Amino acid sequence: MGIFEGKKGLVFGIANDRSIAYYITQELAKEGAEMGFTHLPDKDPERPKAERKLRKLVEPLGAKLIMPCDVTNDENVDKVFAAAKEEMGELDFVVHSIAYAPIDDLKGNVYDVSRDGFKLSMEISCYSLITLANRARKILKPGGSLLTLTYLGGEKVIPGYNVMGICKAALESAVEYLAHELGPEEIRVNALSAGPIKTLSSSAVKDFDKMLKLYETFAPLRRPSPPEEVGKMGMILLSDYSSGVTGENVHVDCGYHIMGAPPESVHASE
Ligand code: 0WD
């Protein structure tokens, strides 16, 4: 019997089969979880691309709910939680795997970021966790778990990560404040800090391939983390195996984040 047998949750942020949320979902499904999913609303109802992509991935896993949701739209978010309550009852977990910054703002220097671009990036990449937590606490069972995805660029300067680094710093702080506030309701809130993984959104980050290559020389395990490892840890952070863990930022990056200077082998090869 899987450890998620009889457990239910919502997953926000599967764009395609490379999305980190999809890797977490596959691990949860293997363990018997029942899940509802959201996709970005399709602009053309005649050609519902996002919905179709999501359906193809999650219907084989027995999806209980598939709905559009733009996290900048309160009505969308309310509808999802109302439908989840109706169709699924109380929940055990919520996955928040959402981030966005307008491409020009993301690619440019932080000092050039536009006011509107900054507001939108923060709203989608940070405030959305707060707004989901606000709804989730009303239908999560005691022992429930909320998980978001972050990146080292929120803790340290990663050239090219730019405005998204500021959003991740705010997101990681929100995780701690939410963990503090929701702890007495027996709800846990954690972040998983993944190493670089090739997905739709990471393709917008400047020099992404170079960043990936660095893991082969700098990371203690001398490799980047494949998305399957992120999926497994995501599942663990949503499970009872992590029942004493909250307000945490767990790095799944082959140890890269602990390094303050390159390994000696790098100097030796110079
Ligand atoms: O290297 C990476 N890929 C890493 C990603 C390393 C460490 C962390 N992360 C984070 C990202 O910052 C993000 O928070 O993981 C999370 C998921 O990222 P992903 O799996 O790399 O990206 P992707 O597959 O693109 O999913 C992010 C999704 C969006 O996809 P697109 O590409 O269509 O924008 O966030 C969702 C959307 O599905 N999203 C929204 N959802 C609701 N409302 C919105 C919105 N307004 N905007 C974006």
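Residues numbered from 1 in each chain as written. Predicted model: local features only at pLDDT ≥ 70, side-chain atom pairs only at ≥ 80, totals over all residues. Heavy atoms only, no water.

Draft legend 1. Quick peek at the side chain of histidine 251. Its location among the elements puts histidine 251 in strand E7 (residues 249–252). At 2.7 Å, the side chain of histidine 251 forms a polar contact with the side chain of glutamate 155. Of note is the side chain of histidine 251, whose polar atom sits 3.4 Å from the backbone oxygen of asparagine 249. Histidine 251 has contacts with Glu155, Ser193 and His257, leaving out every residue within four places of it along the chain. (Helix = DSSP H or I, 4+ residues; strand = E, 2+ residues; numbered from the N terminus. Polar contact = N/O pair within 3.5 Å; in protein donor to acceptor, adjacent residues only side chain to side chain. Contact = heavy atoms within 4.5 Å.)

Draft legend 2. Fine view of the site of the ligand. Taken together, the neighbourhood of the ligand is formed by 25 residues, with Ser19, Lys168, Ile197, Thr199 and Ser201 sitting nearest. Separating an oxygen atom of the ligand from a side-chain N or O atom of threonine 199 is a distance of 2.3 Å. In isolation the ligand has 860 Å² of accessible area, and contact with the protein removes 90% of it. Looking at the shell around the ligand, its residues break down into 15 nonpolar, 8 polar and 2 charged. (Near = heavy atom within 4 Å. Areas by Shrake-Rupley, 256 points an atom, 1.4 Å probe, with all protein chains shown as cover. Nonpolar A, V, L, I, M, F, W, Y, C, P; charged D, E, K, R; others polar.)

Draft legend 3. Quick peek at the confidence of the model for the chain. Taken over all residues, the pLDDT of the chain has a mean of 96, while the share at 70 or more is 99%. Here helix H9 (residues 264–268) stands out as the least confident element of the chain, with mean pLDDT 76; strand E6 (residues 188–194) is the most confident, with 99. (pLDDT = per-residue confidence, 0-100.)

Draft legend 4. Structural context of the packing of helix H1 (residues 20–30) against helix H8 (residues 227–238). Relative orientation of the contacting elements H1 and H8 amounts to 60°, with a least axis distance of 8 Å. Classed by the angle they form, the pair H1 and H8 counts as oblique. H1 and H8 meet at a crossing whose hand is right-handed. Across from Ile20, Tyr23, Ile24, Glu27 and Leu28 in H1, the residues of H8 making contact are Pro227, Glu228, Val230, Gly231, Lys232, Gly234, Met235 and Leu238. In the contact of H1 with H8, the residues fall into 8 nonpolar, 2 polar and 3 charged. (Axes fitted to C-alpha atoms, helices over the stretch in contact; angles between N-to-C directions. Parallel < 35°, antiparallel > 145°, perpendicular 65-115°, else oblique. Left-handed = near helix turned anticlockwise from the far one by under 90°.)

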